[in-house]
Amino acid sequence: MISKKLTTLLNKQINLEFYSSNLYLQMRSWCDANSLDGCGRFLQQHADEEMQHMNRLFNYVNEAGSMALIGAIDEPRSDYKNVQEVFEATFEHECQITKEINMLVKAAYDEADFSTFNFLQWYVAEQHEEEHLIGSILDKIKMIGIEGKGLYFIDKEIGGIADNRPEEPPAP
Ligand code: FEO
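This write-up is about the structure you can find in this document. These numbers come from a predicted model, not from an experiment. Counting from 1, residues in each chain are numbered in the order their sequence is written. Totals for whole chains, interfaces and linings use every residue, but because this is a predicted model, local features are given only for residues with pLDDT of at least 70 and side-chain atom pairs only at 80 or more, for both listing and counting. Heavy atoms throughout the structure, all of them, feed into the side-chain values; hydrogens and water do not.

All right, on to the pattern of salt bridges then. Note on definitions: salt bridges are taken to be side-chain nitrogens of Lys or Arg within 4 Å of carboxyl oxygens of Asp or Glu. Counted according to the given criterion, the structure contains 9 salt bridges. The residue Asp 163 makes a salt bridge to Arg 41 at a minimum N-O spacing of 3.0 Å. Placement of the pair is Asp 163 in helix H5 (residues 149–164) and Arg 41 in helix H2 (residues 37–63), with a sequence separation of 122 residues. Here Glu 85 makes a salt bridge to Arg 77, at a shortest N to O gap of 2.7 Å. Owing to a relative accessible area of 19%, Glu 85 belongs among the buried residues under this scheme. Remark: exposure states derive from per-residue accessible area (1.4 Å probe, protein chains only) relative to the maximum for the residue type, with buried under 20%, exposed over 50%, and partly exposed in between. Arg 77 gets classed as partly exposed once you look at its relative accessible area, which sits at 33%. What counts as a helix is a DSSP run of H or I of at least four residues, what counts as a strand is a run of E of at least two, and both are numbered from the N terminus.

Here is the structure:
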């Protein structure tokens, strides 16, 4: 059984994963509107993965004898100046999610809830991977540049990353 406090925090994280999915789906829409098919594929894949992250938490909370709650989800941002701004916003968002996960891990540890602590380790590893992935995309954007043909190559490169990424296993 998870404590009331941890249930509240896990439900907050469920909401954040939903928000992340909507944020990336909205970014995909921005890419579509700007003819960036490769970036759009990458962001759609990310939106789908965020739903898996949400489901993983949702199932855990219910299995642990508490009740997962879906609250109101904030409207995602939809205005971006260019694709660099899209990926900068993605990176900032992932760093924020890492902080939230770390806070959750600390709360589970402080309560000696080692089942939840253990469950959250998957998210710790996932955040490390996501920060690295988005950070490397941002590096490429800065290296290639988004002027003229640079934008075409960026889109091709990011689409290639999406096409070659192994599929994330479905939420248990
Ligand atoms: Fe659910 Fe992108 O972290």
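The subject of this paragraph is the side chain of His 53. Positionally, His 53 belongs in helix H2. Here, residues are in contact when the closest pair of their heavy atoms is within 4.5 Å. Once residues lying within four places of it in the same chain are set aside, the contact partners of His 53 are Glu 17, Trp 122, Tyr 123, Glu 126, Glu 130 and Glu 168.

Turning our eyes to something else, we now look at H5. Spanning 16 residues, H5 covers 23 Å between terminal C-alpha atoms, matching the ideal 22 Å at 1.5 Å per step. What H5 keeps buried is the set Gly 150, Ile 154, Asp 155, Ile 158, Gly 159, Ile 161 and Ala 162. Within H5, the buried residues cover an arc of 165° as seen down the axis, which keeps them to one side. Relative to its buried face, H5 has exposed residues pointing more than 90 degrees away, namely Lys 149, Tyr 152, Lys 156 and Asn 164. Elements in contact with the buried residues of H5: H2, helix H3 (83–110) and helix H4 (114–144). The span you would expect from a helix comes to 1.5 Å times its residue count less one. The arc in question is the one spanned by the directions pointing from the helix axis to the C-beta atoms.

Working definition: rings of Phe, Tyr and Trp (its six-membered ring) pair if their centres are within 6.5 Å, and the pair is stacked with planes under 30 degrees apart, edge-to-face with planes over 60 apart, and tilted otherwise. Tallying each qualifying case throughout the model produces 9 aromatic pairs. Seen in terms of ring centroids, Phe 119 and Tyr 123 are 5.7 Å apart; in terms of plane orientation they differ by 55°. Their pairing is tilted. Taken together, the residues Phe 119 and Tyr 123, both in helix H4 and 4 residues apart, mark about one turn of the helix. In this structure, Phe 119 and Tyr 123 share a single accessibility class: buried. Ring geometry for Trp 122 against Tyr 123: centres 5.0 Å apart, planes inclined by 80°, an arrangement best described as edge-to-face. Given a relative accessible area of 24%, Trp 122 falls into the partly exposed group. The exposure class assigned to Tyr 123 is buried, which follows from its relative accessible area of 1%. Grouped by ring-pair contacts, the aromatic residues Tyr 60, Phe 119, Trp 122 and Tyr 123 constitute a single cluster. Sitting over the face of the ring of Trp 122, Arg 56 holds its NZ or CZ atom 3.8 Å from the ring centroid. Either the NZ atom of lysine or the CZ atom of arginine qualifies as a charge over a ring when it sits within 6 Å of the ring centre and within 35 degrees of the ring normal.

Geometric descriptors of this kind do not, in isolation, establish any biological role.
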